[in-house]
Amino acid sequence: MAPAPLPERKGEDKMKETMILLAGYPATGKSYLCKQILEKYPQFQVISQDDMKEALWDEYGFDNMEEKTKLEMLSWEKYYKAADEKMQEGRMLISDYPFSEKQKGRLADLAEKNKYQMITIRLTGDIDILYERSRRRDLDPSRHLGHLVSKYHLGDEMEDRSKADCIVTHDIFRERCMTRGYDTFELGALIEIDATDYKKINYSKILEQIGRKIESGGKE
């Protein structure tokens, strides 16, 4: 589907080119929030490193962690290239990932080069609760198998995903959350959300905040 046309505005009222980063801990509902934002602001276009990575897994496959890591690195290069191209077109962008300092420099450079404002929506929460969500997601057959294994080729299946050799344990999940800077990542204007209990998230208020920050150039 083609992205919605950019809003026609002139002079001081022109909507500033924006990239929204849905960041923070894994399993905090970033994909759901992304859908909510797209419904409210359909001019935004999704750019997904995960989609690019999974497409590379399906195209090339991998036989060990070294090959898997190389495809991961390639997916990031494709991601930054695509982001740059879309920024040059003036597209409004949204992307979800547990961003960290690894990506911050490249994203900041792209924003500066293309004169984009960045809005970070950082979702965190109780790590034990988030781990249970993450494990349920990993065991769901709809989850791409490449996330869970050290060897994958298109068409591979695994009946019992709990036996996967790269499935994330509670200790690994906690260590990643505590040491990778997911909970401190910030680029541009910041909106913070506690995603421990989805029922307590006021999505309407968040969407209003996003709208004000877009209109104000992040100075709301």
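As a reminder, the structure under discussion sits directly above these lines.
Definitions and limits used
- Residues numbered from 1 in each chain as written.
- Predicted model: local features only at pLDDT ≥ 70, side-chain atom pairs only at ≥ 80, totals over all residues.
- Heavy atoms only, no water.
- Helix = DSSP H or I, 4+ residues; strand = E, 2+ residues; numbered from the N terminus.
- Contact = heavy atoms within 4.5 Å.
- Core = buried A, V, L, I, M, F, W, Y, C linked by side-chain atoms within 4.5 Å.
- Buried < 20%, exposed > 50% of the residue type's maximum accessible area, 1.4 Å probe, protein only.
- Expected span 1.5 Å × (residues − 1).

Can you help me understand the environment of Ile191 in this one?
Among the structural elements, Ile191 can be located in strand S5 (residues 189-194). C-alpha separation for the pair Ile191 and Ile210, spaced 19 residues apart in sequence, amounts to 8.2 Å. Not counting chain neighbours up to four residues away, the residues in contact with Ile191 comprise Thr120, Ile121, Arg122, Gln209, Ile210 and Lys213.

I tried to follow the nonpolar core on my own but got confused; where do I start?
Nonpolar side chains in soluble globular proteins tend to end up buried together. With 23 residues, the main nonpolar core has Ile20, Leu22, Leu33, Ile37, Ile121, Ile193 and Ile210 as its most contacted residues. In terms of residues, this core owes the most to one element, helix H7 (residues 203-216), which gives 5 residues. In contact with Ile210, not counting residues within four places along its chain, are Ile20, Ile37, Tyr41, Ile119, Ile121 and Ile191. With 21 residues, the next largest nonpolar core counts Met19, Ala23, Met52 and Leu93 among its residues.

Help me understand helix H2 (residues 49-60) in this model?
Since there are 3.6 residues in each turn of an α-helix, residues three or four apart along the chain are aligned in direction. A rise of 1.5 Å per residue sets the reference length of H2, with its 12 residues, at 16 Å; its end C-alpha atoms lie 16 Å apart and thus fit the reference within 8%. Within the sequence span of H2, burial applies to Gln49, Met52, Lys53, Glu54, Leu56 and Trp57. Structurally, H2 contributes buried residues whose contacts are with helix H3 (65-88). Following H2 by one or two positions, Gly61 adopts a phi angle in the positive range, close to 70°.

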